Amino acid sequence: MSALLDIAVAGLLLLGAAFVLIGSWGLVRLPTTMERLHGPTKATTLGLGALLVASVLFFQSRGIWSAHELLISLFLFITAPISANMIAKVHLHRRRTGGHVEPGGIAGEPPRPSEDGDWATFEAPKQDTQASTANS
């Protein structure tokens, strides 16, 4: 392998590792849910992209072709939007229901859905018809 290719692979590995580390750290340490949204989607996606490009360059220089990088990229591009969507749904649900936030800005446990509730909905909670008629 040429010295220029070695430098490119090493640089991409360091860049990718830095993005993954910062994205993971941001997911754990950022105080609000919408700020946490960027950790698993933006920074980690860029980091894994740089790591995959480094892997492709390294193995292509040796004459080896592998579909592993393509499969990892496919999995990443399928799961990153789904995780971002689920994090945004949690944020909207907690904001709508007045979810509890622990002192210091670190979010606590997510609220548990009711018996007939569902995590994947933005509908208003159903009113108990028996309780509302009994109170009338």
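In this text the structure is predicted, and so the values were computed from the model without any measurement.

Thresholds applied
- Residues numbered from 1 in each chain as written.
- Predicted model: local features only at pLDDT ≥ 70, side-chain atom pairs only at ≥ 80, totals over all residues.
- Heavy atoms only, no water.
- Helix = DSSP H or I, 4+ residues; strand = E, 2+ residues; numbered from the N terminus.
- Buried < 20%, exposed > 50% of the residue type's maximum accessible area, 1.4 Å probe, protein only.
- Contact = heavy atoms within 4.5 Å.
- Phe/Tyr/Trp six-rings, centres within 6.5 Å; stacked < 30°, edge-to-face > 60°.
- Patch = residues over 30% accessible without salt bridge, like charges linked within 9 Å, V, L, I, M, F, W, Y side chains within 5 Å.
- Areas by Shrake-Rupley, 256 points an atom, 1.4 Å probe, with all protein chains shown as cover.
- Salt bridge = Lys/Arg side-chain N within 4 Å of Asp/Glu carboxyl O.
- Expected span 1.5 Å × (residues − 1).
- Bend = angle between axes of the 7 residues up to and from the residue.
- Axes fitted to C-alpha atoms, helices over the stretch in contact; angles between N-to-C directions.
- Parallel < 35°, antiparallel > 145°, perpendicular 65-115°, else oblique.
- Nonpolar A, V, L, I, M, F, W, Y, C, P; charged D, E, K, R; others polar.
- pLDDT = per-residue confidence, 0-100.

**Focus: the overall build of the chain**
When its secondary structure is counted, the chain shows 5 helices and 0 strands. Traced from its N-terminal end to its C-terminal end, the chain shows the element sequence α-α-α-α-α. Burial status across the chain gives 22% buried among its 136 residues. Considering only residue pairs separated by 6 or more positions, the chain has 64% of its internal contacts joining residues 24 or more positions apart.

**Quick notes on the packing of aromatic side chains**
On inspection of all chains with the given rule, the structure shows 1 aromatic pair. The interplanar angle of 80° and the centroid separation of 5.1 Å between the aromatic rings of F58 and F59 together place this pair among those described as edge-to-face. What makes F58 partly exposed here is its relative accessible area of 23%.

**Concerning the environment of L30**
Residue position: L30 is located in the loop between α1 (3-29) and α2 (33-36). Residues contacting L30, with those up to four places away along its chain left out, are E35 and R36.

**What to know about the environment of T79**
Tracing the backbone through its elements, the reader meets T79 in helix α4 (residues 68-97). In this structure T79 comes out as partly exposed when scored by relative accessible area, which is 28%. A C-alpha to C-alpha distance of 9.1 Å links T79 and T41, two positions 38 residues apart in sequence.

**Overview of a nonpolar patch on the surface**
A cluster of nonpolar residues, L71, L74, I78, I82 and M86, forms a patch on the protein surface that exposes about 490 Å² of accessible area. Mapping L71 onto the fold places it in helix α4. You can call L71 exposed: its relative accessible area is 54%.

**Some points on helix α3 (residues 38-61)**
Taking 1.5 Å per residue as the helical rise, α3 with its 24 residues ought to reach 34 Å, and the 34 Å between its terminal C-alpha atoms agrees with that figure. Of all bends in α3, the biggest is about 35°, found at T44. Taken together, the buried positions of α3 are G39, T41, A43, T44, T45, G47, A50, L52, A54 and S55. For α3, the elements touching its buried residues are α1, α2 and α4. Positioned one or two residues after α3, G63 has a phi angle of 80°, which is positive.

**Re the packing of α3 against α4**
Where α3 meets α4, the axes come as close as 10 Å, and the angle between the chain directions of the two elements is 180°. As far as their axial angle goes, α4 and α3 are roughly antiparallel. On the side of α3, the interface is formed by P40, T41, T45, L48, L52, S55, V56 and F59, while α4 contributes E69, I72, S73, L76, F77, A80, S83, A84 and I87. Here the residues of the contact of α3 with α4 are counted per class, giving 11 nonpolar, 5 polar and 1 charged.

**Some points on α1**
Here α1 is 27 residues long and its end C-alpha atoms lie 38 Å apart, about the 39 Å a rise of 1.5 Å per residue gives. The set of residues buried in α1 consists of V9, G16, G23 and G26. For α1, the secondary structure elements touched by its buried residues are α2 and α3.

**Describing the confidence of the model for the chain**
Scored by pLDDT, the chain comes out at a mean of 77, with 71% of its residues at no less than 70. Averaged over each element, pLDDT in the chain is lowest for helix α5 (residues 129-135) (56) and highest for α1 (90).

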